[in-house]
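Structure at a glance
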Amino acid sequence: MKNICYLILLLTFISINGCAVNPVTGKQDLVLMSEQSEIALGRKTNKEVLQQYIVYDNPELQAYVNEVGQKLAMNSHRNNLIYRFTVLDSKDVNAFALPGGYIFITRGLMAYLNSEAELAAVLGHEIGHVTARHSVRQYSAAQLTGIGTALASIFIPGMNQASNQLMQVMGTAFLRGYGREHELEADKLGAEYVARTNYDTESMLDVIRVLKNQETFETQRAKSEGREPRIYHGLFSTHPDHDTRLQEIVEYASKYQSQTGSRKGREEYLNKIDGLIFGDSPQQGITRGNNFYHKQLDISIAFPEKWNITNLPDKLIITAPQGVATQQILLEDLNKRISPREFMIQRLGLKTLTNDKPLKINGLEAHTGIATINTGNGKRAARFTVIYFNNQAYILVGVTKDPKAMSHYDAAFMETARSFHQMTQNERLLAKPLRLKIVNSSNETNFKSLAQQSPLEKYQEEQLRLLNGLYPQGKASSKALLKIIN
Ligand SMILES: [Zn+2]
């Protein structure tokens, strides 16, 4: 008995500290993790993803994406794994893979794709990250060097920032990809799986063109709005001469393409995404002009004109142009009856509250005050307002980049806090999401007139063109399917 235990221990020791064979290259790799631990890590991290994101509520679309993904996974280097493909209810343009075969794509990215083969290209790329064990390799490297990849510094004392594990596994890959070499490898593997599954490998080029254009546009727009762009890391984006490498990879992959012909599946795909929510979803709150409505929470907030709103799963961030001031709105459950002032001191740990006073905001109990906190730019005086509504505490925190600017922006922070109220009947009607609609184009169809009829608030023509792969110019071919927003 003792000996067996010893043997197991020894084997565990080897698999933890030794080299593992890379499933793709067949070579020895410095991976500190067995396949079983990899699957366990994936399972654990998956739970954290599902705490951060909402699964898109459309079983038919989920089944469709899963079906396409499973076909690709069957043709991959690790078809022994159990793969799970999930569409996330997020307007962000993103897709990512966790260790062990958990693959996610956002509806925000799906809106920009124009065929089943393009969907396959994205899923194939992510499967490539799994089969080449990129996140595991990254995780191992981080463990070896002892680099913690804690992403967000703790903004408010006493507030717990979850998802440590998620950040450790994904690290910056979650935001920026795995770096050039791993991205190229995933692209190459993805192209191969796309070809083996009889999808048209040219779709790799189409999807990159669409995403590159979306990225260019989004980066410019984000800059003018003073916020971080929402862009997908993957597919050649890290490579400077991507066009040449792309051609090479597509050519390489075409040798796996069957002679019986390859498929694009444009109509199938477009029909599947007909009605897809575009932009904000009612589950997470909807921005109209400079108002924010959240149907489930039953709240409405107005933020200053020209400020930009970023809606994250755990907080709202409202940013002044050029990022000179920012206000975050967070939500905490009230598990026992304490006053908003006590909440600030006990739950938020604000021991040095100054200039504080109780408030009534549109009939709701609240408290406001100034406290010094650590921010990414150093110590800052921050305006805190806590508002009680429906057994929950809404925490508003306003800070400025330049400490001297606080006296100027404090009024705006207070104005946002004072706008907080329960939704009115009229606002409930406004809080409806936008959706993709698939229509047939005619000879007369042009983007200018489509843009004029569109309910999009800004950049109507650009956005419609991007969605249809006809940016910055190009004419819709007549009698073709076209995406519009309604
Ligand atoms: Zn990637």
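What you see as residue numbers is a count from 1 along each chain, following the sequence as written. Where totals are concerned, whole chains, interfaces and linings use all residues; where local detail is concerned, this predicted model gives features only for residues with pLDDT of at least 70, and gives and counts side-chain atom pairs only at 80 or more. As a convention, hydrogens and water are excluded, and side-chain values are obtained from all of the structure's heavy atoms.

**Describing the overall build of the protein chain**
Each helix corresponds to a stretch of at least 4 residues labelled H or I by DSSP, and each strand to a stretch of at least 2 residues labelled E; elements are numbered beginning at the N terminus. Regarding its fold elements, the protein chain presents 17 helices and 19 strands. When burial is assessed residue by residue, the protein chain has 53% of its 486 residues classed as buried. Per-residue accessibility takes into account occlusion by the displayed protein chains alone, with areas from the Shrake-Rupley method and a 1.4 Å probe. Carbon and sulfur atoms provide 51% of the accessible area of the protein chain, an area that totals close to 23000 Å². Here the term buried applies to any residue with accessible area under 20% of the maximum for its type, exposed to any over 50%, and partly exposed to those in between, with areas from a 1.4 Å probe on protein chains only.

**Description of the environment of N79**
With respect to the helices, strands and loops of the structure, N79 is situated in the loop between α3 (59-74) and β3 (84-88). Should any heavy atoms of two residues lie within 4.5 Å, those residues are counted as being in contact. Each residue touching N79, except ones within four places of it in the same chain, is listed here: A73 and M74. Here a polar contact means two N or O atoms within 3.5 Å. Within protein one must be a hydrogen donor candidate and the other an acceptor candidate, and residues neighboring in sequence count only if both atoms are side-chain atoms. A distance of 3.1 Å separates a polar atom in the side chain of N79 from the backbone oxygen of M74.

**Topic: the layout of surface pockets**
Buriedness of a pocket was judged along seven lines, with at least five required to meet protein on both sides within 12 Å; pockets are open sets of points on a 1 Å grid over the protein atoms alone, cavities are sets where a 1.4 Å probe fits but cannot get out, and lining residues have an atom within 4 Å of a point. Grid points are joined across faces, edges and corners, and a volume is the space filled by probe spheres set on the points. Estimates place the volume of the second largest pocket at around 1000 Å³. Together, 39 residues line the second largest pocket, and K91, R221, E225, E457 and K458 are the ones closest to its centre. Contributing elements (two or more residues each) for the lining of the second largest pocket: α4 (107-110), α10 (203-224), β6 (277-278), β7 (286-288), β10 (308-311) and α17 (460-467). With 5 residues, α10 is the single largest residue contributor to the lining of the second largest pocket. Class assignment for the residues of the lining of the second largest pocket results in 17 nonpolar, 9 polar and 13 charged. In this count, Pro and Cys sit with the nonpolar residues alongside Ala, Val, Leu, Ile, Met, Phe, Trp and Tyr, while Asp, Glu, Lys and Arg are called charged and the others, Gly among them, polar.

**Regarding the sheet that holds strand β19 (residues 481-485)**
By the convention used here, strands pair only if DSSP detects at least 2 bridges between them. One open sheet accounts for 3 strands, arranged β6-β18-β19; its pairing is antiparallel. Two strands bound the open sheet, and with one partner strand each, they are β6 and β19. Of the pairings in the sheet, the one linking β6 to strand β18 (residues 434-440) comprises 2 bridges and is antiparallel in character. Counterpart to I277 in the pairing with β18 is R435. Packed onto the sheet, α17 meets β6, β18 and β19 and runs at close to 140 degrees relative to β19. For helices, the fitted line uses only the C-alpha atoms of the stretch in contact; every axis is such a line through C-alpha atoms, and the angle between N-to-C directions lies from 0 to 180 degrees.

**Quick word on the confidence of the model for the protein chain**
One rule of thumb: low pLDDT means the predicted coordinates there are not for detailed reading. Per-residue confidence from the predictor is reported as pLDDT, which spans 0 to 100. This prediction gives the protein chain a mean pLDDT of 82; 82% of its residues lie at or above 70. Confidence, read as mean pLDDT per element, is least for helix α1 (residues 2-17) in the protein chain (32) and greatest for α3 (98). Considering only residues more than four positions removed or in separate chains, one finds that residues 1-19, a stretch of pLDDT under 50, has 12 contacts. Per-residue pLDDT stays below 50 along residues 142-175; that stretch engages in 70 contacts with residues further than four places along the chain or on separate chains.

**Some remarks on the side chain of T201**
For T201, the position within the fold is in the loop between α9 (180-196) and α10. Looking at T201, its side chain comes within polar contact range of the side chain of Q257, at 3.2 Å. Setting aside residues no more than four positions away along its own chain, T201 makes contact with A191, V194, A195, V250, A253, S254 and Q257.

**So, the sheet that holds strand β13 (residues 354-361)**
The strands making up a sheet associate through backbone hydrogen bonding, with each pair oriented either parallel or antiparallel. Pairing in this open sheet of 7 strands is antiparallel, and the strands run β10-β11-β12-β16-β15-β14-β13 from one edge to the other. Unpaired on one side and paired on the other, β10 and β13 mark the two borders of the sheet. In this sheet, neighbouring strand axes are inclined to one another by 20 degrees on average, regardless of whether the strands run parallel or antiparallel. Here 4 bridges tie β10 to strand β11 (residues 315-319), and the two strands are oriented antiparallel to one another. Residue pairing across strands places N311 opposite L316, the latter belonging to β11. Of the strands in this sheet, β11, β12 (325-333), β13, β14 (364-375), β15 (378-389) and β16 (392-400) touch helix α14 (residues 406-419), which is tilted by about 15 degrees from β15.

**Details of α9**
Helical periodicity: at 3.6 residues per turn, an α-helix aligns residues three or four positions apart in one direction. In this model, α9 (17 residues) spans 24 Å end to end at C-alpha, consistent with the 24 Å of a helix rising 1.5 Å per residue. Most of α9 sits out of view: 13 of its 17 residues are buried. Once α9 ends, the next one or two residues include N198, with phi positive near 65 degrees. The span expected for a helix works out to 1.5 Å for each residue beyond the first.

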